[in-house]
Amino acid sequence: MTRTQIYLPTETHRQLLQLARRKKTTLSHLIRLGAQQILADEHGAHNPQQKALAFLARPPQRALLKVSGRTAIDLIREERDDD
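In this text the structure is predicted, and so the values were computed from the model without any measurement.

### Re the overall build of the protein
Check the secondary structure of the protein and you find four helices and zero strands. Secondary structure elements in the protein, listed N-terminal to C-terminal, are α-α-α-α. A buried classification covers 5% of the 83 residues belonging to the protein. Carbon and sulfur atoms make up 56% of the accessible area of the protein, which totals about 7,800 Å².

Printed below as a string of C-alpha cells:
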C-alpha cells in the first residue's frame, strides 16, 4: 500500500468520520472504497487486466474459430510440428 496525503473540505471530513464511526471502520477505508468505486465506474466492474482474463476465460462467440474435428487435429499437429 502507498501512503498519500489528501485535502478534504471540512464538512466532507466530518461526515466521513461520522460514517466511519457508525460503520465501525476507518476514514482511510472509506476513502479507499470510494476510490475503488470511481475506478470501477471508469473501467466497468473490472480493471483492464481483469477484463482481459475474463475475455480469455469466456471469449464471445464472434471470437471463436469454428473448425471441424479433422481441421482441429490438423491445426494441433501443425502447431506441435512447428516446435
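### A short note on the pattern of salt bridges
Tallying each qualifying case throughout the model produces one salt bridge. Salt-bridge contacts for Arg14 lead to Glu11; the nearest nitrogen and oxygen are separated by 2.3 Å. On the criterion of helical spacing, the pair formed by Arg14 and Glu11 is a turn pair, its members being three residues apart in helix H1 (residues 10–23).

### Comments concerning the environment of Tyr7
Tracing the backbone shows Tyr7 in the segment before H1. By relative accessible area, Tyr7 is classed as exposed at 75%. Of the polar contacts made by the side chain of Tyr7, one reaches the side chain of Gln5; its length is 3.5 Å.

### With respect to a nonpolar patch on the surface
Together, Ile6, Leu8 and Ile31 line one region of the surface with nonpolar side chains, adding up to about 220 Å² of accessible area. By the secondary structure assignment, Ile31 is in helix H2 (residues 27–43).

### Details of unusual backbone geometry
In this structure, Lys24 takes a positive phi of about 55° despite not being glycine. Among the secondary structure elements, Lys24 is positioned in the loop between H1 and H2.

### Re the packing of H1 against H2
For the pair H1 and H2, the least separation of the axes is 8 Å and the interaxial angle reads 105°. As judged from the angle between their axes, H1 and H2 are roughly perpendicular. Here His13, Leu16, Leu17, Leu19, Ala20 and Lys23 of H1 lie close against H2, whose contacting residues are Leu27, Leu30 and Ile31. Of the residues that constitute the contact of H1 with H2, the class distribution is seven nonpolar, one polar and one charged.

### A word on H1
For H1, which comprises 14 residues, the first-to-last C-alpha distance of 20 Å matches the rise-based estimate of 20 Å (1.5 Å per residue) to within 8%. Immediately beyond the C-terminal end of H1, within one or two residues, lies Lys24, with a positive phi of roughly 55°.

Calculation rules
- Residues numbered from 1 in each chain as written.
- Predicted model: local features only at pLDDT ≥ 70, side-chain atom pairs only at ≥ 80, totals over all residues.
- Heavy atoms only, no water.
- Helix = DSSP H or I, 4+ residues; strand = E, 2+ residues; numbered from the N terminus.
- Buried < 20%, exposed > 50% of the residue type's maximum accessible area, 1.4 Å probe, protein only.
- Areas by Shrake-Rupley, 256 points an atom, 1.4 Å probe, with all protein chains shown as cover.
- Salt bridge = Lys/Arg side-chain N within 4 Å of Asp/Glu carboxyl O.
- Polar contact = N/O pair within 3.5 Å; in protein donor to acceptor, adjacent residues only side chain to side chain.
- Patch = residues over 30% accessible without salt bridge, like charges linked within 9 Å, V, L, I, M, F, W, Y side chains within 5 Å.
- Axes fitted to C-alpha atoms, helices over the stretch in contact; angles between N-to-C directions.
- Parallel < 35°, antiparallel > 145°, perpendicular 65-115°, else oblique.
- Contact = heavy atoms within 4.5 Å.
- Nonpolar A, V, L, I, M, F, W, Y, C, P; charged D, E, K, R; others polar.
- Expected span 1.5 Å × (residues − 1).

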